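In case you want the letters, here they are:
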Amino acid sequence: MRVVRRGVNNSVTETKGEIDFTALMLAVRDRQDRAAFAALFQHFAPRVKGFLMKSGTDAALAEDCAQDVMAVLWNKAAQYDPARASVATWVFTIARNRRIDVARRARRPEPEALDWGEVEPDQADVYEAGQETARLVAAMAGLPEKQRALIQRAFYGELSHSEIAAETGLPLGTIKSRIRLALDRLRQSMS
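Keep in mind the model is a prediction, meaning the values are calculated, not measured.

### Let's talk about the overall build of the protein
Stage number 1. What the protein contains, in helices and strands, is 8 helices and 2 strands.
Stage number 2. Secondary structure elements in the protein, listed N-terminal to C-terminal, are β-β-α-α-α-α-α-α-α-α.
Stage number 3. Per-residue burial for the protein yields a buried fraction of 29% across its 191 residues.
Stage number 4. Within the protein, residue pairs in contact and separated by at least 24 positions form 56% of the contacts whose partners lie at least 6 positions apart.

### Some points on the packing of helix 7 (residues 161-168) against helix 8 (residues 172-190)
Stage number 1. Where helix 7 contacts helix 8, the two axes come as close as 9 Å, and the packing angle between them is 115°. Crossing angle aside, the handedness with which helix 7 passes helix 8 is right-handed. Between helix 7, through His161, Ser162, Ile164, Ala165 and Thr168, and helix 8, the contact on the second element is made entirely by Leu172, Ile175, Lys176 and Ile179.
Stage number 2. Grouping the constituent residues of the contact of helix 7 with helix 8 by class yields 5 nonpolar, 3 polar and 1 charged.

### What to know about the side chain of Arg98
Stage number 1. Relative to the helices and strands, Arg98 is located in helix 4 (residues 87-107).
Stage number 2. Other than its neighbours up to four places away in sequence, Arg98 contacts Asp68, Val69, Val72 and Glu163.

### Notes on unusual backbone geometry
Most peptide bonds take the trans form, and the phi angle of most residues other than glycine is negative.
Stage number 1. Even without being a glycine, Gln32 presents a positive backbone phi close to 50°.
Stage number 2. Its place among the elements puts Gln32 in the loop between helix 1 (21-31) and helix 2 (34-54).
Stage number 3. Located in the positive-phi region is Glu158, a residue other than glycine, with phi close to 55°.
Stage number 4. Relative to the elements of secondary structure, Glu158 occurs in the loop between helix 6 (145-156) and helix 7.

### Brief notes about the confidence of the model for the protein
Stage number 1. In this model, the protein carries an average pLDDT of 83, and 85% of its residues clear a pLDDT of 70 or more.
Stage number 2. Per-residue pLDDT stays below 50 along residues 1-16; that stretch engages in 32 contacts with residues further than four places along the chain or on separate chains.

### What to know about the packing of helix 1 against helix 2
Stage number 1. Helix 2 packs onto helix 1 with a crossing angle of 130° between their chain directions and a minimal axis gap of 8 Å. Classified by the interaxial angle, the pair formed by helix 1 and helix 2 is oblique. Crossing geometry of helix 1 relative to helix 2 is assigned as left-handed. Together, Phe21, Leu24, Met25, Ala27 and Val28 of helix 1 and Ala36, Phe37, Ala39, Leu40, His43 and Phe44 of helix 2 make up the contact between the two elements.
Stage number 2. Here the residues of the contact of helix 1 with helix 2 are counted per class, giving 10 nonpolar, 1 polar and no charged.

### Thoughts on a nonpolar patch on the surface
Stage number 1. Together, Leu136, Phe155 and Tyr156 make up a nonpolar patch on the protein surface, roughly 330 Å² of accessible area in all.
Stage number 2. With respect to the helices, strands and loops of the structure, Tyr156 is situated in helix 6.
Stage number 3. The class of Tyr156 is exposed, set by a relative accessible area of 59%.

### A word on the nonpolar core
Stage number 1. Counting 27 residues, the largest nonpolar core has Met25, Val28, Leu40, Val48, Leu73, Val87 and Val91 as its most contacted members.
Stage number 2. Contributions of two or more residues to this core are made by helix 1, helix 2, helix 3 (59-75) and helix 4.
Stage number 3. Sorting elements by how many residues they give to this core places helix 2 first, with 8 residues.
Stage number 4. Dropping the residues within four chain positions of it, Leu40 is found in contact with Phe21, Leu24, Met25, Val28, Ala45, Met70, Leu73 and Val87.
Stage number 5. By size, the runner-up hydrophobic cluster in this structure holds 14 residues, among which are Leu143, Ala154, Ala165 and Met190.

So, how was this worked out
- Residues numbered from 1 in each chain as written.
- Predicted model: local features only at pLDDT ≥ 70, side-chain atom pairs only at ≥ 80, totals over all residues.
- Heavy atoms only, no water.
- Helix = DSSP H or I, 4+ residues; strand = E, 2+ residues; numbered from the N terminus.
- Buried < 20%, exposed > 50% of the residue type's maximum accessible area, 1.4 Å probe, protein only.
- Contact = heavy atoms within 4.5 Å.
- Axes fitted to C-alpha atoms, helices over the stretch in contact; angles between N-to-C directions.
- Left-handed = near helix turned anticlockwise from the far one by under 90°.
- Nonpolar A, V, L, I, M, F, W, Y, C, P; charged D, E, K, R; others polar.
- pLDDT = per-residue confidence, 0-100.
- Parallel < 35°, antiparallel > 145°, perpendicular 65-115°, else oblique.
- Patch = residues over 30% accessible without salt bridge, like charges linked within 9 Å, V, L, I, M, F, W, Y side chains within 5 Å.
- Areas by Shrake-Rupley, 256 points an atom, 1.4 Å probe, with all protein chains shown as cover.
- Salt bridge = Lys/Arg side-chain N within 4 Å of Asp/Glu carboxyl O.
- Core = buried A, V, L, I, M, F, W, Y, C linked by side-chain atoms within 4.5 Å.

Quick look at the structure:
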């Protein structure tokens, strides 16, 4: 029987040769248990890297993404709910989302650096941008609270729909519908 130590008189044991990942994750979530995180890292990091490499990511990038996934596991441990998903499902969902994010970034060309020196903005453009911002603020204020909160998380918080669903506990379809409706209302208000 293998024992993963978490401190004095507080341990997680393997049962039937299998590690209880849920208990380890709950230890990380509830007590920021570094030993439990180390056990999770040791088990999942190589598997996440392999998963990413099988999906076409090169080894160096897969290693970076695996490190990022494990950092997310530590930083967002408070969001883990064993009633909603197993630890493996949660970890590989994070990995899948990171892989998608990396692929999206890779498709976007980096803008070229243009060294034109300091350019003073045209005052008419500054005024127009201020007016546009005021209209957007007013349009956002006119949205229902549930839609406004999701728009703010998606655009200002830069969270994916899946991350918002994980944070709020709302179904992914509800998140997408509310954001779509909010964007439609904003388009109508701004035109």
